[in-house]
Amino acid sequence: AQASVVEGEDVFGEDATMRFTILFLLLTGWVAARTPAEVVLDAFQYDLDHGMEKTLKDRSYCFTPGFLSVFQRALALKPGSAAFVDMDYFTCSQDGGHRVGTGETEIRGNEAVVYVKIWQGPYRGAPAQKEPSKPSTKVLLTDLGQGFQIRDIVHLPNRGVKGFSVREDFNILLTGKWPKHE
């Protein structure tokens, strides 16, 4: 038996089209249905592996449009100008080699908070620190209809340094001033 295609005939048929539609809906539904903790780990782990600029580009779907915009504008400030980004705002550090883990997650309607522990892994010959017992950061997320997205990162008070909002720091930097964390 030999198969032939008649001009104008649907080569794939209705069944193939239906299978593609179902597969598409399943895949896009899976992305939208990620938990807040999965979104946070996706962004933070990508930052650890690739840096802030690449994270904002390749993981833009993890951030609300407003937070992504202010983050990108702050990163565009040139070193040596009146104010600029001088640390990794995911880890609140100028050093590399960090590790990250999520803790408790609170969800209220379309808002969520994910508590994050960040600690120093092996770095420049020094051994890794132990995982902290308490979170150092809380990540605020909102669902604007496309799944949970990060709208701010808040580093909690630690060792004499007051806590601060990353979004607020960026807004201060964008005015040409340095944020104060004493």
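Rules of the game
- Residues numbered from 1 in each chain as written.
- Predicted model: local features only at pLDDT ≥ 70, side-chain atom pairs only at ≥ 80, totals over all residues.
- Heavy atoms only, no water.
- Helix = DSSP H or I, 4+ residues; strand = E, 2+ residues; numbered from the N terminus.
- Buried < 20%, exposed > 50% of the residue type's maximum accessible area, 1.4 Å probe, protein only.
- Areas by Shrake-Rupley, 256 points an atom, 1.4 Å probe, with all protein chains shown as cover.
- Contact = heavy atoms within 4.5 Å.
- Pairing = 2+ DSSP bridges.
- Core = buried A, V, L, I, M, F, W, Y, C linked by side-chain atoms within 4.5 Å.

Caption draft 1: Highlighting the overall build of the chain. Per the secondary structure count, the chain includes 5 helices and 5 strands. Reading the helices (α) and strands (β) of the chain from amino to carboxyl end gives α-α-α-α-β-β-β-β-β-α. Looking at the chain as a whole, 38% of its 182 residues are labelled buried. Roughly 11,400 Å² of accessible area belongs to the chain as shown, and the carbon and sulfur atoms make up 55% of that amount.

Caption draft 2: Local environment of helix α4 (residues 65–75). The complete set of buried residues in α4 reads Phe 67, Leu 68, Val 70, Phe 71, Ala 74 and Leu 75. Looking at the buried residues of α4, the elements they touch are α3 (52–58), β4 (148–155) and α5 (166–173).

Caption draft 3: The sheet that holds strand β2 (residues 111–120), seen in detail. The strand order β1-β2-β3-β4-β5 describes an open sheet built from 5 strands, whose pairing is antiparallel. At either end of the open sheet lies a strand with only one pairing partner, and these are β1 (98–108) and β5 (164–165). Here 2 bridges tie β4 to β5, and the two strands are oriented antiparallel to one another. Of the residues in β5, the one forming a bridge with Val 154 is Ser 165.

Caption draft 4: View of the nonpolar core. Core analysis: the biggest nonpolar cluster contains 34 residues, and Phe 44, Phe 63, Phe 71, Tyr 89, Leu 141, Ile 150 and Phe 170 have the highest contact counts within it. Among the elements of the structure, α2 (36–50), α3, α4, β2, β3 (137–143), β4 and α5 are those that each provide at least two residues to this core. Tallying contributions element by element places α4 first for this core, with 6 residues.

Caption draft 5: Layout of the environment of Asp 49. Within the secondary structure, Asp 49 is located in helix α2. Classification of Asp 49 as exposed rests on a relative accessible area of 52%.

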